[in-house]
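Remarks on the overall topology
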Amino acid sequence: MTTTPHPGGLSRWLLLLMSAATGLAVAGNYFAQPLLDLIGRDLGLGPASAALLVTAAQAGYALGLILLVPLGDLMERRRLAVALYAATAVFLLVSATAPGGTVLLISTALTGLASVGAQVVVPFAATLAAPAERGRVVGTVMTGLILGLLLARTASGTLSELGGWRTVYFANAALMALTAVLLRLFLPRLGGDGGRLSYPALLRSTVAMFRLEPLLRWRAGIGALSLASFSVLWTALTFLLAGSPYAWTEPAIGLFGLVGAAGALTATVAGRLADRGLVQAVTGAGTVLLVVSWLAIAAGARSLVWLLAGVILLDLAHQAVLNSSQNVVYALRPQARNRINSAFMTSFFAGGAIGSALTSLVWVHAGWSGVCVLGGALSAGTAVLWILERLTTGRPAGTPSRPVAHPVPAGSTKGD
C-alpha cells in the first residue's frame, strides 16, 4: 500500500504520521520520570534504584544513536524504521509486565535503544521532502518529537491515575505497535546509499564526519549547548514549582509541560524561514532569544507571568536553533544523511544529559539564581559558537559537500 506524494515526495498525511511517530517513540523514555516513587513502592525498589530507570533509558538511547541510526545509510530505511518501532513495542510490553526491578531496568534500556527509530524517521522525512520545503518538513517532524518529550510526563501521570503505572506502558506499547503497522503501510521503500560498506566501516565513517565537516562540528556544539540550556530549565522547574512561593501539586507541575508545547508548535515557522534562505538569521535570532529568555525566567522566581513568558520564549528559541541547525547539517552530505544525523544527535543529547547533571549540583548550592546563571551562560555559548562559525567557515550553510571517501571493503570496487 502506498501514499500519493506531493511533488516533493511527501504527502501531508505521511508528514503528520511521521511527526506523530517521532513523538510516540521518544515519549517512552520519559514516562517513568514522574512515576518513580509509584514504581518503587510496587516493585520494592529504593529511590536510588528507581532513579536508575531514567539513567537506563538515556544510556540506551545514546547507544542507539551511535550504533543503530547510521544503519539508515546501509539498509532499506522503511524496513529499519518498522523493525525499530516493532521492537520498541515489544520492550514496552516487557516493561508493562515486569515482575521486578531487574527486568524493568533491562527492558527500559532496550526500549531506549530501539526508540531511536525516531531518529531514522527524521532524516527519512528530510530525504523525501522537496529541497525548497525541507525546513518546514523537518520542523513539523521535530515538533512531534519535542511534543512527545514535553507531554510524556503529563500523559504518564494521567494514565497512572486511571489504572496504575503499568497502564502507561501497555498503552504506549499498543500505540507503538500500531505506528509500526502504519509506517509499514505508508512509508515508501528507500534504499540506503552506503550498501557496500561493512558495519564497522559505517561506524568509522560516522565518526569521520566530525573531521570532514567543519559545519557539523559547529552545529553539533551549538545544538548541544542549546539542549543543555533547555534541560537546565525543565530539570529545575519541578524544584521551583514545588517550593515557595508556588507550592504546586505534582499533577499541576505535570500540566506545566503544556506551556512548553506552545513553544514547540512554532518549529514549522523556523523551518519556513529557513526554506526562504534565512537559516543563518534564524540561528542568530534563536541564540539571542535563548539568552533573553533566561532574564524572564530569572524574574519568574516569584512571578508566574514572567516564568510563563520565559519558558515559552526559551522553547521557541531552542526550536529555532535546532531546526536551523538540522537544515544546515542535512544539506551537507545527502548520501550520508543518517550518519550525519547520528553524529549530530549524539552530541545534541549528550549536551542535554550534561545540562541536567549540572542543574542538580547548581540547585543544591545556589538555588534558582544559580540555575538561571547556568542556563544563561549555556545560552550565551550558543551565540558565541554561531559567531565563530560565521567567522571561520567559508562555505555557505546548506551547500552540499563532495561525497565522503570511504575505505573500500574487501570484494568491492568502490565505496559509498
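Nothing here was measured: the structure is a model prediction, and the numbers come from that model.

Details of the nonpolar core
If you look at soluble globular proteins, the nonpolar side chains tend to sit buried side by side. In this structure, Met18, Ile39, Tyr85, Leu233, Leu237, Leu307 and Trp368 are the most contacted members of the largest nonpolar core, which totals 113 residues. When residues of this core are assigned to their parent elements, the largest contribution, 14 residues, is made by helix H10 (residues 214-242). Those residues within four positions of Tyr85 in sequence are excluded, and the remaining contacts are Ala21, Thr22, Ala25, Gly117, Ala118, Val121, Met176, Thr179, Ala180 and Leu183.

Focus on the packing of H10 against helix H14 (residues 279-299)
Packed helices, taken two at a time, are described by their axes: the angle between them and the distance between them. Packing of H10 against H14 brings their axes to within 12 Å, and their N-to-C directions diverge by 25 degrees. It follows that H10 is roughly parallel to H14 by the angle criterion. H10 and H14 meet at a crossing whose hand is left-handed. Contacts between H10 and H14 involve Arg219, Ser226, Ser229, Val232 and Leu233 on the former and, on the latter, Gln280, Thr283, Leu290, Trp294 and Ile297.

Looking at a nonpolar patch on the surface
Together, Leu63, Ile66, Leu67 and Tyr199 give the surface a local cluster of nonpolar side chains, amounting to about 320 Å² of exposed area. Tracing the backbone shows Leu67 in helix H3 (residues 47-67).

Overview of unusual backbone geometry
For the bond running from Ser244 to Pro245, omega is 10 degrees, close enough to zero to count as cis. Locating Pro245 in the fold gives a position in the loop between H10 and helix H11 (250-255). With a phi close to 55 degrees, Ala247 is a non-glycine residue in the positive phi region.

Focus on the confidence of the model for the protein
In this model, the protein carries an average pLDDT of 84, and 89% of its residues clear a pLDDT of 70 or more. Segment residues 396-416: pLDDT under 50, and 46 contacts once partners within four positions in sequence are set aside and those in other chains are kept.

What to know about the environment of Leu237
On the secondary structure map, Leu237 appears in helix H10. Measuring from C-alpha to C-alpha, the distance between Leu237 and Val311 comes to 9.8 Å, with 74 residues separating the pair along the chain. Ignoring anything within four residues of it in the chain, the contact list for Leu237 reads Phe256, Leu307 and Trp368.

As for the packing of helix H15 (residues 304-330) against helix H16 (residues 337-392)
Contact pair H15 / H16: the axes reach a minimum separation of 11 Å and the direction vectors enclose 155 degrees. By the angle between their directions, the pair H15 and H16 is classed as roughly antiparallel. The element H15 and its partner H16 pack so that their crossing is right-handed. Within the contact between the two elements, H15 uses Leu307, His318, Leu322, Ser325, Gln326, Val329 and Tyr330 and H16 uses Arg337, Ile340, Asn341, Phe344, Met345, Phe348 and Trp368. Class assignment of the residues belonging to the contact of H15 with H16 gives a composition of nine nonpolar, four polar and one charged.

Focus on the pattern of salt bridges
Any two side chains of opposite charge can pair, on the condition that their charged atoms come close. Evaluation of the coordinates by the stated rule reveals eight salt bridges. With a shortest N-O distance of 3.9 Å, Arg77 and Asp73 are connected by a salt bridge. Of the charged contacts in the structure, one is a salt bridge between Arg219 and Glu389, with a shortest N-O distance of 2.9 Å. Here Glu389 lies in helix H16 and Arg219 lies in helix H10, a separation of 170 residues in the sequence. Residue Arg219 is classed as buried on the basis of its relative accessible area, which comes to 0%. Residue classification places Glu389 among the buried positions, given a relative accessible area of 0%. Through salt bridges with shared partners, a single network forms among Asp73, Arg77 and Arg339.

About the criteria used
Sequence order as written defines the numbering, with residues in each chain counted from 1. For this predicted model, a pLDDT threshold of at least 70 governs which residues receive local features, and a threshold of 80 or more governs which side-chain atom pairs are given and counted, while totals over whole chains, interfaces and linings are taken from all residues. Based on all heavy atoms of the structure, the side-chain values leave hydrogens and waters out of the count. Nine residue types can take part in a nonpolar core, namely buried Ala, Val, Leu, Ile, Met, Phe, Trp, Tyr and Cys, and a core is a set of them joined through side-chain atoms within 4.5 Å. For every residue, the accessible area (1.4 Å probe, protein chains only) is compared with the maximum for its type, and the residue is labelled buried under 20%, exposed over 50%, or partly exposed between those bounds. For the purposes of this entry, the term helix denotes a DSSP run of H or I that reaches at least four residues, the term strand denotes a run of E that reaches at least two, and both are numbered from the N terminus. The contact definition used throughout considers only heavy atoms, calling two residues in contact when any of these lie within 4.5 Å. Inter-axis angles, ranging from 0 to 180 degrees, are taken between N-to-C directions of lines fitted to C-alpha atoms, where helices are fitted over the stretch in contact. Oblique is the label for any angle not covered by the other classes, which are roughly parallel (under 35 degrees), roughly antiparallel (over 145) and roughly perpendicular (65 to 115). If you view the pair so one helix is near and one far, a crossing is left-handed when the near helix is turned anticlockwise from the far one by less than a right angle, and right-handed when it is turned clockwise. Patches here: salt-bridge-free residues with over 30% relative accessible area, like charges joined within 9 Å, nonpolar side chains (Val, Leu, Ile, Met, Phe, Trp, Tyr) joined within 5 Å. The Shrake-Rupley method, run with a 1.4 Å probe sphere, supplies the accessible areas, and residue values consider only the shown protein chains as cover. Here a salt bridge means any side-chain nitrogen of Lys or Arg lying within 4 Å of a carboxyl oxygen belonging to Asp or Glu. Each residue carries a pLDDT value, the predictor's own confidence for that position, ranging from 0 to 100. Under this grouping Gly is polar, as are all residues other than the nonpolar Ala, Val, Leu, Ile, Met, Phe, Trp, Tyr, Cys and Pro and the charged Asp, Glu, Lys and Arg.

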